Amino acid sequence: MKSVACTNPGQLEIREVPRPQRGETEVRVKIRRVGICGTDYHIFEGKHPFLAYPRVMGHELAAEVIETGPGSAFAIGEHVIINPYLSCGKCRACTRGKPNCCTAIAVLGVHRDGGMCEEICLPEQNLVHAEGLSLDACATVEFLAIGAHAVRRGGIGPDDRVLVTGAGPIGLGTAIFARLAGAEVSILDLDPARLDEACQIAAGCHPIQAGDATASEIARITDNDGFDAVFDATGNLASIQAGFVNVAHGGRYILVSVVNETVAFSDPEFHKREMSLIGSRNATSEDFRTVIAALKTGKVPLERIITHRTDFDRVSEDLPRWAHNKEGLIKAMITLD
């Protein structure tokens, strides 16, 4: 079968590899859609902190069941969403309901080869019924679930004034689910076109252009109080460190993105606010259900989120170009039919 491997930073290779062997408790699926994530671009650029090369990328996946074991809850030909977080089920995090941060977690496309291939075999517990969603919608569930998880980690509700820093796909998903939770949401980004588009997709959000006037605009719209919850979804160290001052006294700072660097902050500024600093990693089954429900009820405008398309024949040219030129790009999708 065909697979797309990132052999080294900046190098993609289309390979012919053996089809995987299905384990006794596994389900074999045919990959039908692959969403290209910021993580994939970071892997291609050599910026991901948890990765060894070569790696078959791809963890935003929609698939079709083609082989199961006896007594499976899935039918041949059924469309499914892939939960790409393979957890041990035994560690402290897993036994306390947090497999998303399992001590031995293996994320498809990061810690082990992912879904930029024609077929893959997975534990049945990592398949999620599509519940009538389109293949395109199925492939967006995972990245949207990261935003939904961050919003849940932040305890966001109708009384909250929220700032999302970073208007990329993860920030956009965070803003969408913060709005669905009833919060008043602002989005901060450097790119005015991307910022405008994000505020239209996550309807009702207030745009804040990053620049010399950022601090005064935040002071104006928060009456100098700051935000009850600030989410950083930039993957940028300087942005993360600059965000502490935007948190209101008694507020929360939720770090959704990860950087391969040490984050430093002023302890007096942190303590005087009695601020909660929260890490948000991956997503859980609960977050997947939240996203599926939102997609089924039309609360997420997918037609505006999926902006670019490619296939196996073109991805080795398209992905490198999109890694360096993201103008107009929100979500790129690989189609395998």
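Residues numbered from 1 in each chain as written. Predicted model: local features only at pLDDT ≥ 70, side-chain atom pairs only at ≥ 80, totals over all residues. Heavy atoms only, no water.

Is there a simple way to think about the nonpolar core in this case?
Side chains of nonpolar character tend, in soluble globular proteins, to be buried together. One finds Val29 and Phe231 to be the most contacted residues of the largest nonpolar core, which totals 101 residues. Residues contacting Phe231, with those up to four places away along its chain left out, are Ala150, Val151, Ile156, Val162, Leu163, Val164, Thr165, Thr174, Ile254 and Val256. Listed in part, the 16 residues of the second largest apolar core include Ile218, Phe227, Val247 and Leu255. (Core = buried A, V, L, I, M, F, W, Y, C linked by side-chain atoms within 4.5 Å. Buried < 20%, exposed > 50% of the residue type's maximum accessible area, 1.4 Å probe, protein only. Contact = heavy atoms within 4.5 Å.)

Sorry if this is basic, but what is going on with the packing of aromatic side chains here?
For any pair of aromatic rings, the description rests on two quantities: the centre-to-centre distance and the angle between the ring planes. Tallied over the full model, the rule gives three aromatic pairs. Ring plane angle 85 degrees and centroid distance 4.8 Å describe the contact between Phe244 and Tyr253, whose orientation is recorded as edge-to-face. For Phe244, a relative accessible area of 6% puts it in the buried group. Note on Tyr253: relative accessible area 0%, which makes it buried. Judged by centre distance (5.1 Å) and plane angle (50 degrees), the rings of Phe265 and Phe270 are tilted. By way of ring pairs, the aromatic residues Phe244, Tyr253, Phe265 and Phe270 are connected into one cluster. Its end group placed over the ring of Tyr41, Lys326 keeps NZ or CZ at 4.6 Å from the ring centre. Taking the ring centre of Phe143 as reference, the NZ or CZ of Lys331 above it sits at 4.5 Å. (Phe/Tyr/Trp six-rings, centres within 6.5 Å; stacked < 30°, edge-to-face > 60°. Lys NZ or Arg CZ within 6 Å of the ring centre and 35° of its normal.)

Even after reading the chapter, I still don't get helix H4 (residues 141-153), so can you show me in this structure?
The periodicity of an α-helix, 3.6 residues per turn, causes residues three or four places apart in sequence to face the same way. With 13 residues, H4 extends 18 Å between its outermost C-alpha atoms, agreeing within 8% with the 18 Å of an ideal straight helix rising 1.5 Å per residue. Across the 13 residues that make up H4, a large majority, 11, are buried. Along H4, the residues that are buried comprise Val141, Glu142, Phe143, Leu144, Ala145, Ile146, Gly147, Ala148, His149, Ala150 and Val151. Immediately downstream of H4, the backbone of Gly155 shows phi near 60 degrees, a positive value. (Helix = DSSP H or I, 4+ residues; strand = E, 2+ residues; numbered from the N terminus. Expected span 1.5 Å × (residues − 1).)

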